[in-house]
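Letter by letter, the chains look like this.
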Amino acid sequence: IIISLDMLKDEAVKNYLTISKLNAKVFSKELNQDISNIEKTMINISSIIDLYSNDKEINNNLINSLHNYPQIRSINVLQNDKIIYSSNNDNLGIFIRDINLFPEAIFDKTILKISKPWIGRDFSTGKETSLYQEKINYKESSFIPISKKIISKKGEYNVIVNLNSDYFINRFQSHIDGNNIIFEL
């Protein structure tokens, strides 16, 4: 009986590890696809800036872009560290400096960069997490800034898209059966 129980336990552990690996692989593929689509949207923002001269029209187009992406909290266009266009009017005029984006751009200044998570719903109400803070309380809203430098006919801009981390966590956990699963993004 003991040998049978031990074999069943080993088989159960092996099955859970296999299921966990499959879930991680599925999440990774979905996240990569989402980030790829978001990066293409970020590149296309240069066309919006070139097409429209009115700030309100540019902001409205950024707001309309959000309808296709529940993964995004806000789209922000910065010039000289100041948000000049945004899908969230409360973000306009905020200065964003030194948000610890990585990887460091050595040769290509237009690479996609990511920051550590922020606590809050967006820049207007959020605060940057400490370098030493290991994780955000699961009850708190959070977002993850990703950044890309774009070039339009009107100049160079930095686009920061704030990922809705709650969306990713909820989407992933809704596909998993079980109460003993912990998921952190």
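Please refer to the structure higher up on the page.
It should be emphasised that the depicted structure is a prediction, and the values quoted were computed from it without experimental measurement. (Residues numbered from 1 in each chain as written. Predicted model: local features only at pLDDT ≥ 70, side-chain atom pairs only at ≥ 80, totals over all residues. Heavy atoms only, no water.)

Before going further, it helps to examine the overall build of the protein chain. If you tally the helices and strands in the protein chain, you get three helices and seven strands. For the protein chain, the N- to C-terminal ordering of α and β elements is α-α-β-β-β-β-β-β-β-α. Buried residues in the protein chain amount to 36% of all 185 residues. By sequence separation, contacts in the protein chain at least 24 residues apart represent 54% of the contacts at least 6 residues apart. Summing over all exposed atoms, the protein chain offers an accessible surface of approximately 12,100 Å²; the carbon and sulfur share of this is 53%. (Helix = DSSP H or I, 4+ residues; strand = E, 2+ residues; numbered from the N terminus. Buried < 20%, exposed > 50% of the residue type's maximum accessible area, 1.4 Å probe, protein only. Contact = heavy atoms within 4.5 Å. Areas by Shrake-Rupley, 256 points an atom, 1.4 Å probe, with all protein chains shown as cover.)

Further remarks concern the pairing of strand 7 (residues 155-164). Most of strand 7 is tucked away, with seven of its 10 residues classed as buried. Between strand 6 (residues 142-152) and strand 7, which pair antiparallel in sequence order, lie two residues. (Pairing = 2+ DSSP bridges.)

This next bit is on the pattern of salt bridges. Applying the stated rule across the entire model yields five salt bridges. A salt bridge links R73 to D166; the nearest nitrogen and oxygen atoms lie 2.8 Å apart. Of this pair, R73 sits in strand 1 (residues 72-79) while D166 sits in helix 3 (residues 165-174), placing them 93 residues apart in sequence. Here the salt bridges do not stand alone but share partners, grouping E30, D34 and R171 into one network. (Salt bridge = Lys/Arg side-chain N within 4 Å of Asp/Glu carboxyl O.)

Right, let's get into helix 1 (residues 2-51). The end-to-end C-alpha distance of helix 1, which contains 50 residues, comes to 73 Å, matching closely the 74 Å that a straight helix rising 1.5 Å per residue would cover. Along helix 1, the sharpest kink reaches roughly 25 degrees, centred on I43. Packed against the buried residues of helix 1 are helix 2 (55-66), strand 1, strand 2 (82-86), strand 6, strand 7 and helix 3. (Expected span 1.5 Å × (residues − 1). Bend = angle between axes of the 7 residues up to and from the residue.)

What follows deals with the nonpolar core. Ranked by size, the top nonpolar core spans 24 residues in total, and within it I38, I45, I75, V77, V159 and V161 carry the most contacts. Listing elements by their share of this core, those giving two or more residues are helix 1, helix 2, strand 1, strand 6, strand 7 and helix 3. Those residues in contact with I75 that sit more than four places away from it in its chain are I45, L62, S65, L66, Y85, S86, S87, V159, I160 and V161. L78, I83, I99 and F143 belong to the second largest nonpolar core, which has eight residues in total. (Core = buried A, V, L, I, M, F, W, Y, C linked by side-chain atoms within 4.5 Å.)

For the rest of this paragraph, the subject is helix 2. Between its first and last C-alpha, helix 2 extends 17 Å over 12 residues, near the 16 Å set by a 1.5 Å rise per residue. Buried within helix 2 are the following residues: I58, N59, N61, L62, S65 and L66. Down the axis of helix 2, the buried set is contained in an arc of 155 degrees. They therefore lie on one face. If you check the start of helix 2, you find a side-chain oxygen 2.7 Å away from the backbone N of K56, and it comes from N54. (Arc of directions from axis to C-beta. Polar contact = N/O pair within 3.5 Å; in protein donor to acceptor, adjacent residues only side chain to side chain.)

Once that is clear, we can look at the environment of N60. Relative to the helices and strands, N60 is located in helix 2. C-alpha of N60 to C-alpha of N88: the two residues are 28 residues apart in sequence and 9.7 Å apart in space.

Another point: the side chain of N88. Structurally, N88 can be placed in the loop between strand 2 and strand 3 (113-114). Polar side-chain contacts of N88 include one of 3.0 Å to the backbone nitrogen of D90. In this structure N88 touches S74, D122 and S124, once residues within four positions along its chain are discounted.

Bringing the packing of helix 1 against helix 3 into the picture now. Two elements in contact, helix 1 and helix 3, have axes separated by 11 Å at closest approach and are oriented at 145 degrees. Along this stretch, helix 1 crosses helix 3, giving a crossing that reads as right-handed. Contact residues: helix 1 offers N23, F27, E30, L31 and D34, while helix 3 offers F168, R171 and F172. The residue makeup of the contact of helix 1 with helix 3, split by class, is four nonpolar, one polar and three charged. (Axes fitted to C-alpha atoms, helices over the stretch in contact; angles between N-to-C directions. Left-handed = near helix turned anticlockwise from the far one by under 90°. Nonpolar A, V, L, I, M, F, W, Y, C, P; charged D, E, K, R; others polar.)

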